[in-house]
Amino acid sequence: MKRLATHTLGCKLNFAETSNLVRKFQAAGYTTVDFAEEADVYVVNTCTVTAVAEKKCRSIIRQAHRTNPDAVIAVIGCFAQNAPQEIEQIEGVKIILGNDQKHNLLQFVEEARKVTSTEQPRSFELSYSQGDRTRTFFKIQDGCDYFCTYCAIPFARGRSRSATIEETIGTAREIAAGGAKEIVLTGVNTGTFGLHQEESFEQLLRELDKVEGIERYRISSIEPNLITDEILQFVAGSRAFTPHFHIPIQAASDVVLKNMHRRYDVAFYREKIMRIKELMPDACIAADLMVGFHGETEEEFEKGLRFIEEIPISYLHVFTYSERPNTMALKMPGRVPVHERRQRNEQMTLLSNSKRHQFIMSQMGSTRKVLWESTNHDGMMQGWTDNYIRLQIPYDESKINTLTELKISEATIVNNFSVAD
């Protein structure tokens, strides 16, 4: 049997797509091995969100070539889409596929020829991750029409597109048949699901809630301007959707939001957060936030810190602005020195840790349902509450992939600042 090894960088969308590819290779007779082992085919699914992600990609490709110089190395995904010429210069790479053809990787590998294919992404394939964990990352949408000034993803992923509700529900039933109890809905701009086929994200949520066997859904990320009150009211009263939201703010300053070409201001964002807390007081709310973008003066940054302190955000994913090729931001004034960006990241991360701690303390003494995972952590098993707090109990194999109630206490909390991978 031929040996396949994969390495995935970036978002959960990439992990879902890699899992789909692995299933195709396994069906064709391949066996999977760890990326550090000798394999016949190495697949690197790449990310282009930051320069750091691209640097990691180059390093991983070289690692694969050192492990087996005769292997087929395939580089796919966003970095492959945006920088094929750069990747072609890395020794050992035989296949480079952007986001339109990566789903056909098995065919290119079997043809055993060197190929670079980076057509504009237009295809769409429903994908989901699969492993020994109890939850699945389910790709329901791809691409983005927003073209924020800092972001290269629309160039890498193409325009917004998705399958139909009927097709998506069919795959959700397939996931349920595989035994997963929780689905995390992923996409590039998830809330635009169905936009080009006269269907809506809200309609999809209502149909997913009816799928038997799935006990929980999480919405991995949704733009604030796409969160309607109808969606919030539905989630608050639904059977399976959890009180856990990931709502990118990107900047807590109207000046910077305008420079980014975002579609809301801080007042609008505050209203959304407060409405969620009104409907679901125990909801966990995460936010992506970028520091050091053009126009973020010290005054604007301090203003942003105060804004985040004031609103009931549970924690942040803090990113340092990184210049991306072909983006409008490259031509904009108001550049922030790199050392200041890093300092601001440290400050905002400290605030995020404090917010996370405050949220967990607010839940102390309450009882929540926990979905238990299979990994044995030194005699303990762990799982997530519906509102995204990681808890633990003594390992009990009979509880794997089941939901049980547990009181939140100092003894049951795994890590006050834990963020799921």
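Structure shown above.
What follows deals with the packing of aromatic side chains. For the coordinates displayed, the defined rule picks out ten aromatic pairs. Put simply, the rings of Tyr150, Phe293 and Tyr321 touch in pairs and so form one group of aromatic residues. For Lys12, the ring lying beneath its charged end belongs to Phe137, and the centroid distance is 5.8 Å. For Arg263, the ring lying beneath its charged end belongs to Tyr146, and the centroid distance is 3.7 Å.

Right, let's get into empty space enclosed by the protein. A complete count under the given rule lists two cavities of 30 Å³ or more for this structure. The space that makes up the largest cavity amounts to roughly 60 Å³. Residue lining of the largest cavity: Ala251, Ala252, Ser253, Val256, Leu289, Met290, Val291, Glu296, Glu300, Phe301, Gly304 and Met348, and that is the complete set. A per-class count over the lining of the largest cavity returns eight nonpolar, two polar and two charged. In this model, the second largest cavity occupies a volume close to 40 Å³. Along the walls of the second largest cavity sit Thr134, Arg135, Glu182, Leu371, Glu373 and Trp384, which together make up its complete lining. Among the residues making up the lining of the second largest cavity, the classes are represented as two nonpolar, one polar and three charged.

Time to look at the sheet that holds strand β2 (residues 31-32). Strand order in this open sheet of six strands is β2-β1-β3-β4-β5-β6, and the pairing throughout is parallel. Taken across any chain shown, the strands that pair with only one partner, and hence form the sheet edges, are β2 and β6 (115-117). Sitting on the sheet, helix α1 (residues 12-27) touches β1 (3-8), β2, β3 (41-46) and β4 (72-77), and the angle it makes with β1 is about 175 degrees. Set on the sheet, helix α2 (residues 51-67) makes contact with β1, β3, β4 and β5 (93-97); between it and β3 the angle comes to about 175 degrees.

In a soluble, globular protein the nonpolar side chains are often hidden away together inside. In this structure, Leu185, Phe201, Tyr269 and Met348 are the most contacted members of the largest nonpolar core, which totals 71 residues. If we skip the residues at most four places from it in the chain, Met348 touches Leu289, Val291, Phe301, Leu305, Ile308, Leu316 and Val318.

Attention now goes to the packing of helix α8 (residues 201-208) against helix α9 (residues 229-237). One way to put it is that α8 packs onto α9 with a least axis distance of 10 Å and a crossing angle of 10 degrees. Between α8 and α9, the crossing angle belongs to the class labelled roughly parallel. Our pair here, α8 against α9, has a crossing hand that is left-handed. Where α8 abuts α9, its residues Phe201, Glu202, Leu205 and Arg206 lie against Glu230, Ile231 and Phe234.

All buried positions along α8 are accounted for by Phe201, Leu204, Leu205 and Leu208. Projection of α8 onto a plane perpendicular to its axis shows the buried side chains occupying an angular sector of 100 degrees, all on one side. Lining the buried residues of α8 we find α7 (165-177), β11 (182-186), β12 (216-219), α9 and β13 (241-246).

Once that is clear, we can look at the pairing of β12. Residues Arg216 and Arg218 line one face of β12 and the alternating positions Tyr217 and Ile219 line the opposite face, and both faces are buried. Alignment of β11 against β12, held across four bridges, turns out to be parallel. Looking at β12, one finds that Leu185 is bridged to Ile219. Handedness of the crossover joining β11 and β12 through α8 is recorded here as right-handed. Note: β12 against β13, two bridges, orientation parallel. Residue pairing in the sheet places Ile219 in a bridge with Phe245 of β13.

Where charged atoms of side chains with opposite charge meet at close range, the side chains can pair. Across all of its chains, the model carries 31 salt bridges by this definition. The residue Lys102 makes a salt bridge to Glu17 at a minimum N-O spacing of 2.6 Å. Placement of Lys102 in the loop between β5 and α5 (105-111) and of Glu17 in helix α1 is noted, with a sequence separation of 85 residues between them. According to the relative accessible area criterion, Lys102 is buried, its value standing at 1%. Taking relative accessible area as the criterion, Glu17 reaches 1% and is therefore assigned buried. A salt bridge links Arg206 to Glu202; the nearest nitrogen and oxygen atoms lie 3.0 Å apart. Here Arg206 and its partner Glu202 are both found in helix α8, four residues apart, which amounts to about one turn of the helix. Overlapping salt bridges, with partners in common, bring together Glu17, Lys102, Lys139, Asp142, Arg157 and Arg161 in one network.

Our focus in this paragraph is the sheet that holds β13. As summarised here, the arrangement of the seven strands in space is β7-β8-β11-β12-β13-β14-β15, forming an open sheet in which the pairing is mixed. Because the sheet does not close on itself, it has two edges, and the strands there are β7 (127-128) and β15 (315-320). In the sheet, β13 pairs with strand β14 (residues 284-291) via three bridges, with the strands oriented parallel. For His246, the partnering residue across the bridge sits in β14 and is Ala286. Across the sheet, helix α11 (residues 266-279) touches β13 and β14, and the angle it forms with β14 is around 160 degrees.

Let us now look at α1. For α1, with 16 residues, the first-to-last C-alpha span of 23 Å sits near the 22 Å given by 1.5 Å per residue. Inspection of α1 places Leu13, Asn14, Ala16, Glu17, Thr18, Ser19, Asn20, Leu21, Val22 and Phe25 among the buried residues, and these make up the whole buried set.

Mapped onto the fold, Leu204 is located in helix α8. Sequence separation between Leu204 and Leu330 is 126 residues, and the spatial gap between their C-alpha atoms is 37 Å. Apart from the residues within four sequence positions on either side, Leu204 is in contact with Ile140, Ile165, Thr168, Ile169 and Phe193.

Scoring rules and cut-offs
Residues numbered from 1 in each chain as written. Predicted model: local features only at pLDDT ≥ 70, side-chain atom pairs only at ≥ 80, totals over all residues. Heavy atoms only, no water. Phe/Tyr/Trp six-rings, centres within 6.5 Å; stacked < 30°, edge-to-face > 60°. Lys NZ or Arg CZ within 6 Å of the ring centre and 35° of its normal. 1 Å grid on protein atoms, 1.4 Å probe; cavity = no way out; pocket = protein on both sides within 12 Å on 5 of 7 lines; lining within 4 Å. Points joined across faces, edges and corners; volume = space filled by probe spheres on them. Nonpolar A, V, L, I, M, F, W, Y, C, P; charged D, E, K, R; others polar. Pairing = 2+ DSSP bridges. Helix = DSSP H or I, 4+ residues; strand = E, 2+ residues; numbered from the N terminus. Contact = heavy atoms within 4.5 Å. Axes fitted to C-alpha atoms, helices over the stretch in contact; angles between N-to-C directions. Core = buried A, V, L, I, M, F, W, Y, C linked by side-chain atoms within 4.5 Å. Buried < 20%, exposed > 50% of the residue type's maximum accessible area, 1.4 Å probe, protein only. Parallel < 35°, antiparallel > 145°, perpendicular 65-115°, else oblique. Left-handed = near helix turned anticlockwise from the far one by under 90°. Arc of directions from axis to C-beta. Right-handed = clockwise from strand over helix to strand, strands pointing away. Salt bridge = Lys/Arg side-chain N within 4 Å of Asp/Glu carboxyl O. Expected span 1.5 Å × (residues − 1).

Remember, this is a structural readout, not a statement about activity or role.
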